[in-house]
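# Remarks on the overall topology
One letter stands for each residue in the lines below.
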Amino acid sequence: MKHQKYCLLIGNSRWHWAIQKQEQWSFSHTDPNPKQLKKLKNHLWKWAAVGPIPSSINLETKRCIGIKDVPLLKLTDWIGIDRALGGWAAFKQAKSQNLHSKGILLADAGTVLSLTRITANGEFAGGQLIAGLKLQRSSMAKGAQKLKPVCTDNLPANQFPISTEAAMLKGSFQALLGSIIEAQKDSNLPLWICGGDSEILFNHLINRQIDVYHRPNLVLEGMIDIDLPSIPKPNPEQSDQPYWQP
Ligand SMILES: Nc1ncnc2c1ncn2[C@@H]1O[C@H](COP(=O)(O)OP(=O)(O)O)[C@@H](O)[C@H]1O
Ligand SMILES: CC(C)(COP(=O)(O)O)[C@@H](O)C(=O)NCCC(=O)O
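All figures in this text were calculated on a predicted structure; none of them were measured in a lab. (Residues numbered from 1 in each chain as written. Chains lettered and ligands numbered in written order. Predicted model: local features only at pLDDT ≥ 70, side-chain atom pairs only at ≥ 80, totals over all residues. Heavy atoms only, no water.)

## Considering the site of ligand 1
Here is the rule we go by: We call a residue near a molecule or strand whenever a single non-hydrogen atom of that residue lies within 4 Å of it. Two N or O atoms count as a polar contact when they lie within 3.5 Å, although within protein this holds only if one can serve as hydrogen donor and the other as acceptor, and sequence-adjacent residues are included solely when both atoms are side-chain atoms. Computed with the Shrake-Rupley method and a 1.4 Å probe, the accessible areas treat only the protein chains shown as cover for residues. Lys, Arg, Asp and Glu make up the charged group, whereas Ala, Val, Leu, Ile, Met, Phe, Trp, Tyr, Cys and Pro make up the nonpolar group; the residues left over, Gly among them, are polar. What marks off one domain from the next here is an automatic or database domain assignment.
Neighbouring residues of ligand 1: Gly11, Asn12, Ser13, Arg14, His16, Ala109, Gly110, Thr111, Leu133, Lys134, Gly196 and Asp197. In this structure, an oxygen atom belonging to ligand 1 sits 2.9 Å away from a main-chain N or O atom of Ser13. Taking Lys134, its main chain carries an N or O atom lying 3.3 Å from an oxygen atom of ligand 1. Within the complex, the protein chains bury 76% of what would otherwise be the 570 Å² of accessible surface of ligand 1. Here the residues of the shell around ligand 1 sort into 2 nonpolar, 7 polar and 3 charged. Structurally, the shell around ligand 1 is a two-domain feature, drawing no fewer than three residues from each of domain 1 (3-65) and domain 2 (67-221).

## Side note on the packing of aromatic side chains
Here is the rule we go by: Stacked, edge-to-face and tilted labels apply to pairs of Phe, Tyr and Trp rings (six-membered ring for Trp) whose centres lie within 6.5 Å, assigned for plane angles under 30 degrees, over 60, and everything in between, in that order. Helical segments are the DSSP runs of H or I of at least four residues, strand segments are the runs of E of at least two, and each set is numbered from the N terminus. To sort residues, take the accessible area from a 1.4 Å probe on protein chains only and compare it with the maximum for the residue type: under 20% means buried, over 50% means exposed, and anything in between is partly exposed. Here, a charge over a ring means that NZ of Lys or CZ of Arg falls within 6 Å of the ring centre while also lying within 35 degrees of the ring normal.
Summed over all chains, the structure comprises 3 aromatic pairs. When the ring of Trp25 is compared with that of Trp45, the centres are 5.9 Å apart and the planes differ by 20 degrees; the resulting orientation is stacked. Of this pair, Trp25 sits in strand β3 (residues 24-30) while Trp45 sits in the loop between α1 (34-40) and β4 (46-49), placing them 20 residues apart in sequence. Residue classification places Trp25 among the partly exposed residues on the basis of a relative accessible area of 22%. Residue Trp45 is classed as buried on the basis of its relative accessible area of 12%. Between the aromatic rings of Trp192 and Tyr213, the centroid separation amounts to 4.8 Å while the plane-to-plane angle is 25 degrees, which identifies the pairing as stacked. With Trp192 in strand β8 (residues 191-194) and Tyr213 in strand β9 (residues 212-214), this residue pair connects regions lying 21 residues apart in the sequence. Lying across the ring of Trp45, Lys5 places its NZ or CZ 5.0 Å from the centre.

## Quick notes on the pattern of salt bridges
Side-chain pairing between opposite charges can occur once the charged atoms of the two side chains come close. The condition that has to hold: By salt bridge we mean one thing: a side-chain nitrogen of Lys or Arg within 4 Å of a carboxyl oxygen of Asp or Glu.
The tally for this structure, following the rule as stated, stands at 5 salt bridges. Measuring nitrogen to oxygen at the nearest pair gives 3.9 Å for the salt bridge that ties Glu60 to Lys62. Put simply, Lys74 and Glu123 hold a salt bridge, and the shortest N to O gap is 3.8 Å. One end of the pair, Lys74, is in the loop between β4 and α2 (81-96); the other, Glu123, is in the loop between β6 (112-118) and β7 (124-131), with 49 residues separating them in the sequence. A relative accessible area of 59% means that Lys74 is categorised as exposed. The class of Glu123 is buried, set by a relative accessible area of 18%. When salt bridges with common partners are traced through the structure, they connect Glu60, Lys62 and Arg63 into a single cluster.

## A closer look at the domain arrangement of the protein
For clarity, the threshold we go by: Contacts between residues were defined by any pair of non-hydrogen atoms, one from each residue, lying within 4.5 Å. Accessible area, probed at 1.4 Å, shrinks when two parts are joined; the buried area is that loss added up over both.
Entries for the protein in the domain assignment read domain 1 (3-65) and domain 2 (67-221). Here the C-alpha centroids of domain 1 and domain 2 sit 23 Å apart. Listed per partner, the contact involves 15 residues of domain 1 and 11 residues of domain 2. For the pair domain 1 and domain 2, the summed buried surface comes to about 990 Å²; carbon and sulfur atoms form 72% of the total. Viewed at the interface, domain 2 and domain 1 are joined by 0 salt bridges. Seen at the junction of domain 1 and domain 2, the total is 2 residue pairs in polar contact (both at pLDDT 80 or more).

## Quick word on the side chain of Asn217
With respect to the element layout, Asn217 can be found in the loop between β9 and α6 (218-225). By relative accessible area, Asn217 is classed as buried at 14%. Residues in contact with Asn217, not counting those within four places in the same chain, are Phe27 and His29.

## Comments concerning the site of ligand 2
Close to ligand 2 lie Asn12, Val50, Trp78, Ile79, Gly80, Asp82, Arg83, Gly110, Thr111, Val112 and Leu129. Look at ligand 2: alone it shows 460 Å² of surface, and the protein chains cover 78% of it. Taken together, the residues of the shell around ligand 2 sort by class into 5 nonpolar, 4 polar and 2 charged.

## A word on the sheet that holds β7
Inclusion rule: Criterion used throughout: strands pair if DSSP finds at least two bridges between them. Lines are fitted to the C-alpha atoms to define the axes, a helix being fitted only along its stretch in contact, and any angle between axes, read from their N-to-C directions, falls within 0 to 180 degrees.
On the basis of which strands lie adjacent, the open sheet formed by 5 strands has the order β7-β6-β5-β8-β9 and mixed pairing. Sheet topology places β7 and β9 at the edges, where each strand pairs with a single neighbour. When strand polarity is set aside, the average angle formed by the axes of neighbouring strands in this sheet is 20 degrees. Pairing of β8 with β9, which is carried by 3 bridges, proceeds in the parallel orientation. Paired with Trp192 across the bridge in β9 is Tyr213. Contacting β5 (104-109), β8 and β9, helix α5 (residues 198-205) crosses the sheet at an angle of about 150 degrees to β8.

Encoded structure:
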């Protein structure tokens, strides 16, 4: 089966792909791989980056999504494109289900946990940035003499573990969970959550009487939907375009 087109978001930990097969989009998250990207760079439909772009590859600038392409109001030019796209996609989905009357709060649990507030009118209204789960754990190991890198992702069930590693795992997770719960309380907005650590966070959030919607691939969904004035709209009749699977 041929892949008609794909989108790439370069994150700070991983590369995130949306791949269209026939009429269906699927999503995949890979380690950065400049060699593979070199092979397919001429076939990318749209791309965007908040992480490092390999210097050896010239990706087509007309296919790069910028802040100006995202139809939210009051966006700053320094906000991460992943926050803008995720916020727009969440706002659009909320609006289509009539869940946007108060606005929304987006939590993107990536390398950095970004909290992004969007008003009922679709305006960017600030947020918070917190070191993400892996980053918290690696920073503790780097910055404290007696803390070693954690070797597992398994979250301890015990709220107050005895071992150092389990305490690091639990503490970093609670830092994220607590930040999200507190921000949701402060904003009193429905919470949308996406990103690499969103599933485990969602599983802990659903029991907390919070209005929470889990859409792990919101940023890629935003990329698929966004119109770029510089590139033609896809022709659904044309199924023999070049393809590549990450
Ligand atoms: N295979 C994986 N590789 C790296 N991080 C992963 C993986 N699976 C889940 N994660 C979690 O995802 C988080 C990074 O989220 P991700 O959405 O990949 O970040 P980014 O968009 O910044 O590249 C990490 O904190 C980590 O705990
Ligand atoms: C906050 C981020 C580092 C998150 O990146 P990620 O963890 O998703 O790779 C990124 O959105 C970014 O570089 N933002 C620029 C600053 C801002 O949004 O205010």
